[in-house]
Each structure stands twice: as C-alpha cells, then as structure tokens.
Amino acid sequence: MNLLEIGIGGYNRAGQGGASLRMWKHFFPNAQIFGVDIEDKSFVDQDRITTFIGDQSDPASLTSIAEKIGTLDVIIDDGSHRSPHVITTFETLFPLLRDGGIYAVEDTQSSYWPEWMGSEDLNAPNTSMGLLKRLTDGLNYEEFVTEDYEPSYTDLNIVGMHFYHNLVIIEKGKNAEGSNKKNALKARYGKA
Ligand SMILES: C[S@@+](CC[C@H](N)C(=O)[O-])C[C@H]1O[C@@H](n2cnc3c(N)ncnc32)[C@H](O)[C@@H]1O
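Residues numbered from 1 in each chain as written. Predicted model: local features only at pLDDT ≥ 70, side-chain atom pairs only at ≥ 80, totals over all residues. Heavy atoms only, no water.

S.K.: For the overall build of the protein chain, give the residues involved together with the corresponding values.
M.R.: Along the backbone of the protein chain there are seven helices and seven strands. Tracing the protein chain from N to C terminus, the helices and strands come up as β-α-β-β-α-β-α-β-α-α-β-β-α-α. Seen through its C-alpha atoms, the protein chain measures out along the principal axes to roughly 65 × 40 × 30 Å. Taking all contacts inside the protein chain whose residues are at least 6 apart in sequence as the whole, residues at least 24 apart take part in 59%. (Helix = DSSP H or I, 4+ residues; strand = E, 2+ residues; numbered from the N terminus. Contact = heavy atoms within 4.5 Å.)

S.K.: A description of the site of the ligand should follow, citing residues and the corresponding values.
M.R.: G7, D37, D55, Q56 and D78 are the nearest of the 17 residues found near the ligand. G9 places a main-chain nitrogen or oxygen 3.1 Å from an oxygen atom of the ligand. Take D37: an N or O atom from its side chain is 2.7 Å from an oxygen atom of the ligand. Summarising the interface, the protein chains cover 84% of the accessible area of the ligand, which totals 610 Å² for the free molecule. For the shell around the ligand, the residue count by class is four nonpolar, eight polar and five charged. (Near = heavy atom within 4 Å. Polar contact = N/O pair within 3.5 Å; in protein donor to acceptor, adjacent residues only side chain to side chain. Areas by Shrake-Rupley, 256 points an atom, 1.4 Å probe, with all protein chains shown as cover. Nonpolar A, V, L, I, M, F, W, Y, C, P; charged D, E, K, R; others polar.)

S.K.: Which residues make up helix 4 (residues 128-138), and what are the values?
M.R.: Every buried residue of helix 4 is listed here: S128, M129, G130, L131, L132, L135 and G138. Among the structural elements, helix 3 (83-93), strand 5 (97-106), helix 5 (153-157), strand 6 (158-164) and strand 7 (167-172) are those in contact with the buried residues of helix 4. (Buried < 20%, exposed > 50% of the residue type's maximum accessible area, 1.4 Å probe, protein only.)

S.K.: Any details on the pattern of salt bridges? Residues and values, ideally.
M.R.: Counted according to the given criterion, the structure contains one salt bridge. Where D73 meets R98, a salt bridge forms, and the shortest distance between an N and an O atom there is 2.5 Å. Residue D73 is found in strand 4 (residues 72-77), and its partner R98 is found in strand 5; the two are separated by 25 residues along the sequence. Judged by its relative accessible area of 37%, R98 falls in the partly exposed class. (Salt bridge = Lys/Arg side-chain N within 4 Å of Asp/Glu carboxyl O.)

S.K.: Go over the packing of helix 3 against helix 4 with me, naming the residues and quoting the values.
M.R.: It is at 8 Å that the axes of helix 3 and helix 4 come closest, and there the two elements cross at 40°. By the angle between their directions, the pair helix 3 and helix 4 is classed as oblique. Along the contact surface, helix 3 presents S83, V86, I87 and F90, while helix 4 presents S128, L131 and L135. (Axes fitted to C-alpha atoms, helices over the stretch in contact; angles between N-to-C directions. Parallel < 35°, antiparallel > 145°, perpendicular 65-115°, else oblique.)

S.K.: Give a detailed account of the sheet that holds strand 3 (residues 49-53), specifying residues and quantitative values.
M.R.: If you trace the seven strands from one edge of the open sheet to the other, you get 3-2-1-4-5-7-6, paired in mixed fashion. Edge positions in the sheet fall to strand 3 and strand 6, since each of these pairs with one other strand and no more. For this sheet, the mean inter-axis angle between neighbouring strands, taken without regard to orientation, is 15°. One ladder, built from five bridges, connects strand 5 with strand 7; its direction is antiparallel. By the bridge assignment for strand 7, Y103 is matched with I170. Sitting on the sheet, helix 1 (residues 19-27) is in contact with strand 1 (2-6), strand 2 (32-37), strand 3 and strand 4, with an inclination near 165° to strand 2. Packing against the sheet, helix 3 makes contact with strand 1, strand 4, strand 5, strand 6 and strand 7, and its axis sits at approximately 170° to strand 5. (Pairing = 2+ DSSP bridges.)

Dropping the structure here:
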C-alpha cells in the first residue's frame, strides 16, 4: 500500500521533522510511505520512506507528486492547516485516491480560527469544516427529493465520514445503496 502524508514536520528548522512518517512505517510494515512538505525534508528519506518538496496550495505540485507515487491508498493532510489549502488539497487529491481508500484531515480546529484563514461563522462554506460538513449531506444524496438533482463526484464516491475532536476520516467507495423514498413518500411519488 502507498500512504501519502502532507506535512512532514519541523517547518524550516534544519534536521527536524519526519516523526509521523517513521510512525506510519512502523505501523504499516508492507507500505511505502511518502511525505510532502513545502520545505526540503530529504534527510528523512530511508528504506520505504520517500519525501517530496511540494506546496499543498498548488494543485499542479500535488498532481505531479501523485503521478510519481502511483496508486494512493491512504492520504493524510497534516500540512499548513489553512482552510483554502485543505480544500485545494482535498479537491486535487481525493479524486486520485483509490476506491476503498482513506483520506484523513488532521487539526481541523484551525477551521474556526480567522487568524489561520478559518472563520468564527460555523456555517461559513469556505472553511475546511464547512466543506467536511457539506460532504456528510452527500452521503445521503439518494434521499434528496429535489427533482433532477445531479450527484457530485463526492456524493458518488464517499461511503463514510468519521468526525472526531480535530480529526476527520473519509472513506472512499461507491455510494449507491439505493433509497426507500418512493415507498415512504407515496404522496410525492405515487405507487411504487
Ligand atoms: C504540523 S507539521 C507536520 C507534522 C508531522 N505530520 C508529524 O505529525 O510529525 C506541518 C508541516 O507542514 C508544512 N507545510 C506548511 N505549509 C505547507 C504547504 N503549503 N504545503 C506543504 N507543506 C506545508 C510545514 O513546513 C510543516 O513541516
């Protein structure tokens, strides 16, 4: 399996970072572990750990790294924690995650901090939590009664959302279980 983590750690401090990549290597003895950081973290490279320099706010940078890795089984966003970057990273990399893969967003607390490009408005659409909360409705898109609703890519390809304190885990898969709405809403749909 291939695991990609955005944010290797240590920021611009020489020789610092890589703790989580080494942890993933220990947890997943058969996995290839990849890390991306805006700083050069090549000192972290070792057997089964490969680092890249990249900017998670730049879709082209993320795409070219993903192409070098190949199949993406697990993606973890522990990078800048700025909402626009988290959203760009999700929009770029989630479609490249394999069916059945896992996508994690760490440190979602920054979504509530204007100083970190978040917002105090709990309903703000352009924060990381705003995006993640919206995705939960997509889990149930088959239950929507709006006529001609066109399901989005995420509606069709997310089968589970797990919310924890400052952590969200998204399960990718084909979301097409069907709905009982035609039986339950006979007045709207007529006899099934
Ligand atoms: C919280 S640390 C990562 C910690 C590491 N995952 C761990 O648990 O050991 C965040 C890292 O994200 C990097 N970073 C900040 N902005 C970034 C960006 N736009 N693109 C990629 N990495 C970025 C920082 O240089 C820093 O090393």
